[in-house]
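Each chain, letter by letter, is given below.
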Amino acid sequence: MIMLKGIYIHIPFCSEKCPYCDFVSIVDENSDIHKKYIDSILKEIDLYIDEDFSVRSIYFGGGTPSLLKPDLIASLVENISKKVRINNKPEITVEVNPENYRFADFKILKEAGINRISIGSQSFLEKNLKALGRKHSPEDVLKTVESAFKVGIENINLDLIYGITGQSLSDLEKDLKAYISLPVKHISAYMLTAYENTPLGVEVEKGRYLLPDDSLLLDMFKMIDEYLEQNGFSRYEISNWAKGGYQCRHNLLYWEGKQFLGLGVSAWSYVNGVRFGNTNNLRLYLKIVNEGKRPAVFFEKITPEERRKERIFLGLRLSKGIDLDIVKDKMPFIEQIVNEGFAQVKDGKLILTPEGILISNYISSMLI
């Protein structure tokens, strides 16, 4: 039996649905359902109590975890700590929206052991926030960072979205300047993606929302990468930069193929070589768990060959790249992408360049 290193907890509730979001979320601010949901999470973890836990990270994602009262999150962390083995000094992250938590809320989280906050800031420019359908203001982000930092939560991540319609390199530079001026240890920069069946995806499909062309996106990525590197943030994954020692331990579990348990609606797990996903129906989730059954409805046994493919796909996301040994049968293609500037070979590793990162899905498909 392999130890489970991480626990992901999906909090599906949102005050409203962002037009670009393709995560499972439910527009509901009813505190009664929040309490029932947290109680069900605790019942769900009891169903996996026989697994071998050695937890180094707990991650509250969403949805909007900060729609919950902070004492609900605190009580959940406390109860989980009593049920499974938690490593000394685990990383415990809560995603927050800039308009939700302030000093008193973060104080409750800090006292419960939460030591990392990820803020859905997206941009400091009003026009970008409006284009993304975000309701918070730049001042909300500043207050959130200040509040978390004041209570002693120093490990703070800010999300940045680029590739927004009408966004210029000058706009992006203004954002980057604002981001690095704050006492944050981690920045996640995501290219705006028009996922199918989202409002944004529909608008792009109908030609009413124009995304930047590839050359501008490449220039934006290079600007982000160079600007952050020059200011003390090192890129360790396609979309993530951190100051020394502040890489997100939880997300590294995914990218390095470690095993973890996901709890809650639509949460995914990877346990004992099997990947499985919970139902994305809230009522069904509550019903199944309260009947004492596991709410997983999708299962996939990961074969050695599928594991090899995942090592390639996920490993190429990391700045350290992948061992050449696992793709040695693809040397002609590797030589081609190296010659064309999409990748480099260094110390026996295949590493994507910024140009290669923008076509990483294509490169991965050719290597697997």
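Here the structure is shown first, and the text comes after it.
Residues numbered from 1 in each chain as written. Predicted model: local features only at pLDDT ≥ 70, side-chain atom pairs only at ≥ 80, totals over all residues. Heavy atoms only, no water.

**A few points about the overall build of the chain**
For step 1, the next point in the chain: Along its length, the chain carries 14 helices and 17 strands.
For step 2, the next point in the chain: Scaling as 2.2 N^0.38, a compact globule of 368 residues should have a C-alpha radius of gyration of about 21 Å, and the chain matches this with 21 Å.
For step 3, the next point in the chain: With the C-alpha coordinates aligned to their principal axes, the bounding extent of the chain is approximately 55 × 50 × 45 Å.
For step 4, the next point in the chain: Per-residue burial over the chain gives 51% buried out of 368 residues.
For step 5, the next point in the chain: The long-range share in the chain, meaning contacts at least 24 apart out of those at least 6 apart in sequence, stands at 70%.
For step 6, the next point in the chain: Of the roughly 16900 Å² of accessible surface on the chain, 50% is carried by carbon and sulfur atoms. (Helix = DSSP H or I, 4+ residues; strand = E, 2+ residues; numbered from the N terminus. Rg over C-alpha atoms; globule rule 2.2 N^0.38 Å. Buried < 20%, exposed > 50% of the residue type's maximum accessible area, 1.4 Å probe, protein only. Contact = heavy atoms within 4.5 Å. Areas by Shrake-Rupley, 256 points an atom, 1.4 Å probe, with all protein chains shown as cover.)

**Observations concerning the layout of surface pockets**
For step 1, the next point in the chain: Estimated volume of the second largest pocket: approximately 220 Å³.
For step 2, the next point in the chain: As for the second largest pocket, its lining consists of 15 residues, of which Trp255, Arg311, Gly315, Gly321 and Ile322 are closest to the centre.
For step 3, the next point in the chain: At the level of secondary structure, the elements contributing two or more residues to the lining of the second largest pocket comprise α11 (304–315) and β15 (322–323).
For step 4, the next point in the chain: Per-element tally for the lining of the second largest pocket: the top contributor is α11, with five residues. (1 Å grid on protein atoms, 1.4 Å probe; cavity = no way out; pocket = protein on both sides within 12 Å on 5 of 7 lines; lining within 4 Å. Points joined across faces, edges and corners; volume = space filled by probe spheres on them.)

**Quick look at helix α5 (residues 138–150)**
For step 1, the next point in the chain: Between its first and last C-alpha atoms α5 spans 19 Å; for 13 residues at 1.5 Å apiece the expected length is 18 Å, and the two agree.
For step 2, the next point in the chain: Of all the positions in α5, only Pro138, Asp140, Val141, Thr144, Val145, Ser147 and Ala148 are classed as buried.
For step 3, the next point in the chain: Buried residues along α5 sit in contact with β5 (86–96), α3 (103–111), β6 (116–122), α4 (126–131) and β7 (155–162).
For step 4, the next point in the chain: One or two steps after α5, the chain reaches Gly152, where phi turns positive at roughly 105 degrees. (Expected span 1.5 Å × (residues − 1).)

**Side note on empty space enclosed by the protein**
Once rolled over the atoms, a probe with the size of a water molecule shows which space is left empty.
For step 1, the next point in the chain: Applying the stated criterion across every chain yields a total of two cavities of 30 Å³ or more.
For step 2, the next point in the chain: Estimates place the volume of the largest cavity at around 40 Å³.
For step 3, the next point in the chain: Lining the largest cavity are Arg235, Ile238, Leu316, Arg317, Leu318, Ser319, Ile351, Leu352 and Ile357.
For step 4, the next point in the chain: For the lining of the largest cavity, the class distribution of residues is six nonpolar, one polar and two charged.
For step 5, the next point in the chain: One number sums up the size of the second largest cavity: a volume of about 30 Å³.
For step 6, the next point in the chain: Around the second largest cavity sit Ile238, Phe313, Leu316, Arg317, Leu352, Ser360, Asn361 and Ser364, which together line it.
For step 7, the next point in the chain: If one sorts the elements of the lining of the second largest cavity by residue count, helix α14 (residues 360–367) sits on top with three residues.
For step 8, the next point in the chain: Among the residues making up the lining of the second largest cavity, the classes are represented as four nonpolar, three polar and one charged. (Nonpolar A, V, L, I, M, F, W, Y, C, P; charged D, E, K, R; others polar.)

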